[in-house]
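For reference, the chains in residue letters:
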Amino acid sequence: MKILVLISNVPDTTTKIRFVDNNKAFDTSGVQWIINPWDELALTRAVELKEAGGVETITVANVGESITEPTLRKALAVGADDAIRIDTKPKDAYFVASQLAEIAKNFDVIMVGIEASDYNGSAVGGMLAELLDFNSVSAVSGMNIENGQLTLTREIDGGQQKISVKTPVVTIVQKGIAIDPRIPAMRGIMMARKKPLKVVPAVEAGEKTSYVNFELPPPKAACKMVEEDNVKELVRLLQEEAKAL
Amino acid sequence: MSILVYTENWDGKFKKLSFELVSYAKALANELSTTVTALSIGKVADEELKKLGNYGASKILNVAEDRFENLDNKALALAVANAAKSEGSKAVVFAHNNLGKAIAPRVSVKLDGGMVTGVTELPESTDPIIVKKKVFTGKAFANIQIHADIKILTLAQNSFELIETDNNAVIESFDAGVSDDVFSTTLNETNKVTGKVLLTDAEIVVSGGRGFKGPENWGILEELADVLGAGMACSRPVSDEGWRGHEEHVGQTGKIIAPNLYFAFGISGAIQHLGGVNSSKVIVAVNKDAEAPIFEAADYGIVGDLFKVIPQLTEEIKAVKS
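Please read these numbers as outputs of a predicted model, since none were measured by experiment. Counting starts from 1 at the beginning of each chain's written sequence and moves along it residue by residue. Lettering for chains starts from A, numbering for ligands starts from 1, and both go in the order in which the items are written. Given that this is a predicted model, residues contribute local features only at a pLDDT of at least 70 and side-chain atom pairs are listed and counted only at 80 or more, while totals for whole chains, interfaces and linings are drawn from all residues. Hydrogen atoms and water are omitted, and side-chain values are computed over all heavy atoms in the structure.

A. Highlighting a nonpolar patch on the surface. Residues with no salt bridge and a relative accessible area higher than 30% make up the patches, which join like charges within 9 Å and nonpolar side chains (Val, Leu, Ile, Met, Phe, Trp, Tyr) within 5 Å. Calculation of accessible area relied on Shrake-Rupley with a 1.4 Å probe; when residues are assessed, cover is drawn exclusively from the protein chains displayed. The salt bridge criterion pairs a side-chain nitrogen of Lys or Arg with a carboxyl oxygen of Asp or Glu, the two atoms within 4 Å. Nonpolar side chains collect at one region of the surface, where Met186(A), Ile189(A) and Met190(A) lie side by side and expose about 300 Å² of accessible area between them. Mapped onto the secondary structure, Met186(A) falls in helix 5 (residues 186–192). Here a helix means four or more residues in a row that DSSP labels H or I, a strand means two or more in a row labelled E, and each is numbered from the N terminus.

B. A look at the sheet that holds strand 7 (residues 82–87) of chain A. Reading across from one edge, 13(A)-7(A)-6(A)-1(A)-8(A)-12(A)-9(A)-10(A)-11(A)-11(B) is the order of the ten strands in this open sheet, with mixed pairing throughout. Pairing within the sheet leaves two strands with one partner each, and these edge strands are strand 13 (197–201) of chain A together with strand 11 (185–192) of chain B. Strand-to-strand twist across the sheet, computed as the mean angle between neighbouring axes with direction ignored, equals 30°. Pairing of strand 1 (residues 2–6) of chain A with strand 8 (residues 109–113) of chain A involves three bridges; the strand directions are parallel. Residue pairing across strands places Leu4(A) opposite Ile110(A), the latter belonging to strand 8 of chain A. Any two residues whose heavy atoms approach within 4.5 Å at even a single point are treated as in contact. Note on geometry: axes are C-alpha line fits, over the in-contact stretch for helices, and angles between N-to-C directions span 0 to 180 degrees. Helix 2 (residues 69–78) of chain A rests against strand 6 (57–63), strand 7 and strand 13 of chain A of the sheet, and its axis sits at about 160° to strand 7 of chain A. Helix-sheet contacts for helix 4 (residues 124–132) of chain A involve strand 1, strand 8, strand 9 (135–146) and strand 12 (169–173) of chain A, and the interaxial angle to strand 12 of chain A is about 175°. For two strands to be treated as a pair, DSSP must find no fewer than two bridges joining them.

C. Inspection of the packing of helix 5 (residues 219–228) of chain B against helix 9 (residues 306–321) of chain B at higher detail. Residue and element names in this part refer to chain B. Two elements in contact, helix 5 and helix 9, have axes whose closest approach is 10 Å; the angle formed by their N-to-C orientations is 20°. Classed by the angle they form, the pair helix 5 and helix 9 counts as roughly parallel. Here helix 5 runs over helix 9; the crossing is left-handed. For the pair helix 5 and helix 9, the contacting residues are Ile 220, Leu 221, Glu 223, Leu 224, Val 227 and Leu 228 in the first and Leu 306, Phe 307, Ile 310, Pro 311, Leu 313, Thr 314, Ile 317, Lys 318 and Lys 321 in the second. A breakdown of the residues in the contact of helix 5 with helix 9 according to their chemical character gives eleven nonpolar, one polar and three charged. Geometric relationships in this document are graded by angle, where less than 35 degrees denotes roughly parallel, more than 145 denotes roughly antiparallel, 65 to 115 denotes roughly perpendicular, and other angles denote oblique. In a left-handed crossing the near helix is turned counterclockwise from the far helix by less than a right angle, and in a right-handed crossing that turn is clockwise. Polar here means any residue other than Ala, Val, Leu, Ile, Met, Phe, Trp, Tyr, Cys and Pro, which are nonpolar, and Asp, Glu, Lys and Arg, which are charged; Gly is therefore polar.

D. Structural detail: the interface of chain B and chain A. Contacts between the two partners involve 88 residues from chain B, matched on the other side by 78 residues from chain A. In short, buried area is how much 1.4 Å probe accessible area vanishes from two parts on joining, totalled over both. Interface of chain B and chain A: buried area, both sides summed, is about 7,000 Å²; carbon and sulfur atoms make up 54% of it. Area buried by chain B at its contact with chain A is led by Arg106(B), Phe136(B) and Tyr300(B), which between them contribute 11% of it. Taken together, chain B and chain A are joined by nine salt bridges. Where Asp133(A) meets Lys74(B), a salt bridge forms, and the shortest distance between an N and an O atom there is 3.2 Å. Each polar contact in these results corresponds to two N or O atoms within 3.5 Å; when the atoms are within protein, one needs to be able to donate a hydrogen and the other to accept it, and residues that are neighboring in sequence are counted only if both atoms are side-chain atoms. Run the count over chain B and chain A and you get 46 residue pairs in polar contact (both at pLDDT 80 or more). Judged from the three bridges that link them, strand 15 (residues 224–226) of chain A and strand 16 (residues 300–303) of chain B form a sheet pairing that is parallel. Paired with Met225(A) across the two strands is Gly301(B), which belongs to strand 16 of chain B.

E. Quick peek at unusual backbone geometry. Residue Thr167(A) is joined to Pro168(A) through a cis peptide bond whose omega torsion reads 0°. Following the sequence through the fold, Pro168(A) ends up in the loop between strand 11 (159–165) and strand 12. A positive phi angle is found at Asp21(A), which is not glycine, with a value near 55°. Examined against the element boundaries, Asp21(A) turns out to sit in the loop between strand 3 (19–20) and strand 4 (25–26). The exposed category is assigned to Asp21(A), whose relative accessible area is 56%. The residue Ser33(B) is not glycine, and still its phi comes out positive at about 55°. Here Ser33(B) shows up in the loop between helix 1 (16–31) and strand 2 (36–41). Each residue is assigned to one of three classes by its accessible area relative to the maximum for its type, calculated with a 1.4 Å probe on protein chains only: buried under 20%, partly exposed between the two thresholds, exposed over 50%.

F. The sheet that holds strand 12 (residues 204–208) of chain B, seen in detail. Spatially, six strands are ordered 15(A)-16(B)-15(B)-14(B)-12(B)-13(B) in an open sheet, and the strand pairing comes out parallel. Every interior strand has two partners, whereas the edge strands, strand 15 of chain A together with strand 13 (231–234) of chain B, have only one. Across the sheet, the axes of successive neighbouring strands diverge by a mean angle of 20°, strand direction being ignored. In this sheet, strand 16 of chain B lies alongside strand 15 (residues 282–287) of chain B in parallel orientation, the contact comprising four bridges. Along strand 16 of chain B, the bridge assignment pairs Val284(B) with Tyr300(B).

G. Representation of empty space enclosed by the protein within the structure. Residue and element names in this part refer to chain B. Definitions used throughout: a 1 Å grid over protein atoms alone; a cavity as a set of points that fits a 1.4 Å probe which cannot get out; a pocket as an open set with protein on both sides within 12 Å along at least five of seven lines; a lining residue as one with an atom within 4 Å of a point. Grid points are joined across faces, edges and corners, and a volume is the space filled by probe spheres set on the points. What the rule picks out here adds up to two cavities of 30 Å³ or more. The calculated volume of the largest cavity comes to roughly 60 Å³. A per-class count over the lining of the largest cavity returns three nonpolar, five polar and three charged. One number sums up the size of the second largest cavity: a volume of about 50 Å³. Lining the second largest cavity, in full, are Tyr 6, Thr 7, Glu 8, Trp 10, Leu 17, Ser 18, Leu 21, Ala 95 and Asn 97. Per-element tally for the lining of the second largest cavity: the top contributor is helix 1, with three residues. Classifying every residue of the lining of the second largest cavity gives five nonpolar, three polar and one charged.

H. Spatial organisation of the nonpolar core. Of all hydrophobic cores here, the largest spans 61 residues; its most connected members are Ile110(A), Leu39(B), Phe68(B) and Val80(B). In terms of residues, this core owes the most to one element, helix 3 (residues 73–87) of chain B, which gives nine residues. In contact with Leu39(B), not counting residues within four places along its chain, are Leu4(B), Val5(B), Tyr6(B), Thr7(B), Leu61(B), Val63(B), Ala79(B), Val80(B), Ala83(B) and Phe174(B). By size, the runner-up hydrophobic cluster in this structure holds 43 residues, among which are Trp10(B), Phe19(B), Ala29(B) and Val44(B). Throughout, nonpolar core names a set of buried Ala, Val, Leu, Ile, Met, Phe, Trp, Tyr and Cys residues whose side chains join them through atoms within 4.5 Å.

I. Focus on the packing of helix 3 of chain B against helix 4 (residues 98–110) of chain B. All names here are of chain B. Where helix 3 meets helix 4, the axes come as close as 9 Å, and the angle between the chain directions of the two elements is 55°. Classed by the angle they form, the pair helix 3 and helix 4 counts as oblique. The chirality of how helix 3 crosses helix 4 is right-handed. Each of Asn 73, Lys 74, Leu 76, Ala 77, Leu 78, Val 80, Ala 81 and Lys 85 in helix 3 lies in contact with helix 4, whose residues at this interface are Leu 99, Ala 102, Ile 103, Arg 106, Val 107 and Lys 110.

Quick look at the structure:
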């Protein structure tokens, strides 16, 4: 079984968000880039499954300019066998899915995080599946391969389902697929330097949406403090002022 | 020409979220001078379907089939796209929940539409259509223009008020046009938690962090949740330590919730935690550390010991409720 893990290159989750160019673009100055946390969990599970013997190869792929290469190298250090970077600036989700469709058609299982922590689109996985006419399973929190058969755990409202699904398939994964992301070991980092990172040109593709501008949330009023021994007052405020009880 | 809204059912019933969705679709339909058609897939009784009319649906397409119970994403997307085509819909609206996120992107490709997920408001302009959504996990908003003729939107939960109308919806049986060979998902087992308030449905959520000191101290929070009819949640370290289950983890990489009232007890308020709860309407924080960042996000706060505050709070709320 060949697995493709899609890697989004996102700002570190502690990044202070600012915009430039009249609030039309995200300010990338000083930003530390990381593997999107859900993609990192997907990759971790893929590596665990490969170690257990059910996976032939793990490829990672990203749509982005050369700025994303350190993130792909990190994915190689975690345990992917090779990487593909589609050399273009990602526009919208449809554009990105169209790029990935070109390379994803050769894999049995495609893993992608449920969303990227920057634009929170939750869109590329489903779009990619539809473009390839593959099935997709979303909210996947567990994955196993037994005798070449893929079994998944999927989160539903108030519970979980165990399902089997035919490959090829796009799995859209969330927390639970792996518990902690795997940290690359020194040996992995050394080996990653020698692993193939292929850069391929973008294909012609349209975009269906565009960002007009960004806004920061309005500043929040100061927190109203209540004394520890005056819980009654808190309940009164919640009832009468906040009307939340 | 109508707006199509996909209204998922849970064991044959709709939820508040379904009615929020129809209310939103109706308000959008008013702006675009059209009507709302709801699509229901699965066995739902007519009286239940009629409820969608109370929030603005004029027509209900009813696919009363069991085949979709395995939630096969490809089959469901085909069914929704076929309904949108049959209606000539200019917009299709989904909930931004597990199932909506799973099928909306597929439908957008099928219809050659433009999609914005997790929208929080009606479009600020309809020509061109520009909609607002949260980005950077709640740390900012983006205004996004859709360039395609057909608009696909997923609506963030708890972001739109219910609006009742007196539409008398017409129910039509609809053939989804999905052949058996499209399905490739086999359901082996379903496990549902019963008797608990679901986190994603809860109007009030009580949440605990490392301040609870161990797995054995959560009885007081469970009791408070009981009195409030609230959902239980926890911070990431708590679920990572195994003090509580992963299904209760709220935060950027866990569940993202938007209740009316969120209580954070013994949670310092790391930016990743706030990403999962900053859409709550009112936030109350109780923490021993007056400098904890949670107080910057909170509306009301107590600097104090959660083991003293929670039992008092439970008693006060019991008193108020009786």
